[in-house]
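Letter by letter, the chains look like this.
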Amino acid sequence: MEKNLVLIGMMGCGKTTIGTALAEVLGRELVDTDAVIEKREGCSISEIFAIKGEGHFRDLEQRASEELSQTEGMVIACGGGLPLRPDCIGPLKQTGIVIWLCRDPGETYDGLDVTGRPLAQQGKEAFVERFAQRAPVYRRWADIIIEDFSSPEATLHAVLEALK
Ligand code: S3P
């Protein structure tokens, strides 16, 4: 069985960018948990947060996680808060290798498009604080921690090396 590669980390840290490149190099399919949820619900992440709240969104993440943990050989880009609930990240961890893209939060925020990201609306300081709160959680679940963000190529290289 070929394990899934599960990318975790803050909003805007590069999960989709690196995930896309990784999937291409390895000839795998990329799936994004936010996209799975938006498709199923027929509305955007912002609408789900605004209408039903964060708790409901996390329940939807749990369902997506359980379904994706039944697959194999995929690259899975997780929403930034998915690892916060053990019942969300747990199933993915069981059938995958969890890779934390641990990028400096200030640098991440400076390049972040906050549009459509309800939890990135409170400014840089709050974003950095949120990172500080989440870092131990990301660390706890990670099999691999990536810290080279000098260029997308360098990050991809670091992931591939770590997987060897
Ligand atoms: C969230 C990250 C978002 C999305 C939602 C909540 C978070 O995904 O799941 O807005 O709690 O960090 P990205 O990490 O892809 O932006």
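Here the residue index of a chain counts from 1 through its sequence in written order. The predicted origin of the model limits local features to residues at a pLDDT of at least 70 and limits the giving and counting of side-chain atom pairs to 80 or more, whereas totals for whole chains, interfaces and linings rest on all residues. Computation of side-chain values covers all heavy atoms of the structure but excludes hydrogens and water.

Draft legend 1. How the structure looks around the overall build of the chain. Helix and strand definitions follow DSSP, with helices as H or I runs of at least four residues and strands as E runs of at least two, each counted in order from the N terminus. What the chain contains, in helices and strands, is eight helices and five strands. Counted from the first residue to the last, the chain has its helices and strands arranged as β-α-β-α-α-α-β-α-β-α-α-β-α. Radius of gyration: over C-alpha atoms. The globule rule applied is 2.2 Å multiplied by the number of residues raised to the 0.38 power. Its C-alpha radius of gyration of 15 Å places the chain within 12% of the 15 Å reference for a compact globule of 164 residues. In terms of its C-alpha atoms, the chain occupies a principal-axis envelope of roughly 45 × 35 × 25 Å. Between two residues, a contact is recorded if the distance between any of their heavy atoms is within 4.5 Å. The long-range fraction of contacts in the chain, counting pairs at least 24 apart against all pairs at least 6 apart in sequence, stands at 72%. Areas reported as accessible are Shrake-Rupley estimates using a 1.4 Å probe. Residue values count occlusion only from the protein chains shown. For the chain, the accessible area works out to roughly 8000 Å², and carbon and sulfur atoms hold 50% of it. Charge assignment: positive for Lys and Arg, negative for Asp and Glu; neither His nor the chain ends contribute. A single reference atom marks each charge: NZ on Lys, CZ on Arg, CG on Asp, CD on Glu. When the 18 basic and 26 acidic side-chain charges of the chain are each reduced to a single mean position, those positions are 4 Å apart.

Draft legend 2. Main features of helix α5 (residues 86–94). Relative accessibility thresholds used throughout: buried, under 20% of the residue-type maximum; exposed, over 50%; partly exposed, between the two (1.4 Å probe, protein chains only). Considered for burial, the residues of α5 that qualify are C88, I89, G90, P91 and L92. Contacts from the buried residues of α5 go to β1 (4–8), α4 (54–68), β3 (74–77), β4 (96–101) and α7 (124–141).

Draft legend 3. Fine view of the pattern of salt bridges. Here a salt bridge means any side-chain nitrogen of Lys or Arg lying within 4 Å of a carboxyl oxygen belonging to Asp or Glu. Applying the stated rule across the entire model yields eleven salt bridges. A salt bridge links E67 to R63, with the nearest nitrogen and oxygen atoms 3.4 Å apart. Of this pair, E67 and R63 are both found in helix α4, four residues apart, which corresponds to roughly one turn of the helix. Its relative accessible area of 34% is what places E67 among the partly exposed residues. Among the ionic pairs, D143 bridges to K93, the shortest N-O distance being 2.8 Å. With a gap of 50 residues between them, D143 in the loop between α7 and β5 (144–146) and K93 in helix α5 connect regions that are remote in the sequence. Under the relative-accessibility criterion, D143 is labelled partly exposed at 42%. The class of K93 is partly exposed, set by a relative accessible area of 24%. Salt bridges here are not isolated pairs; linked through shared partners, they connect R40, R63 and E67.

Draft legend 4. Region of the structure containing the packing of helix α2 (residues 33–41) against α4. Here an angle of 0 to 180 degrees is reported between the N-to-C directions of two axes, which are lines fitted to C-alpha atoms, with helices fitted over the stretch in contact. At a minimum axis separation of 10 Å, α2 and α4 run at an interaxial angle of 110°. Overall, the two elements α2 and α4 adopt an arrangement that is roughly perpendicular. Residues T33, D34, V36, I37, R40 and E41 of α2 touch α4, and the partners they reach there are H56, F57, L60, E61, R63, A64, E67 and L68. Put simply, angles under 35 degrees are roughly parallel, angles over 145 are roughly antiparallel, angles from 65 to 115 are roughly perpendicular, and the rest are oblique.

Draft legend 5. Representation of the site of the ligand in the model. Summary of the distance rule: residues count as near a molecule or strand when at least one heavy atom falls within 4 Å of that molecule or strand. In the vicinity of the ligand lie 15 residues, with K15, D34, R58, R117 and R134 positioned nearest. In protein, a polar contact requires one atom able to donate a hydrogen and another able to accept it; more generally it is a pair of N or O atoms within 3.5 Å, and residues adjacent in sequence count only if both atoms are side-chain atoms. Between the ligand and D34, the relevant distance is 2.7 Å, taken from an oxygen atom to a side-chain nitrogen or oxygen of the residue. Taking G81, its main chain carries an N or O atom lying 3.2 Å from an oxygen atom of the ligand. Within the complex, the protein chains bury 95% of what would otherwise be the 390 Å² of accessible surface of the ligand. Within the residue set of the shell around the ligand, elements represented by two or more residues are α3 (45–52) and α4. Considering each element in turn, the shell around the ligand owes the most residues, three residues, to α4. Residue polarity follows a fixed list, in which Ala, Val, Leu, Ile, Met, Phe, Trp, Tyr, Cys and Pro are nonpolar, Asp, Glu, Lys and Arg are charged, and the others, Gly among them, are polar. Across the shell around the ligand, the residue classes break down as six nonpolar, three polar and six charged.

Scope: geometric values only; no functional claims are made or implied.
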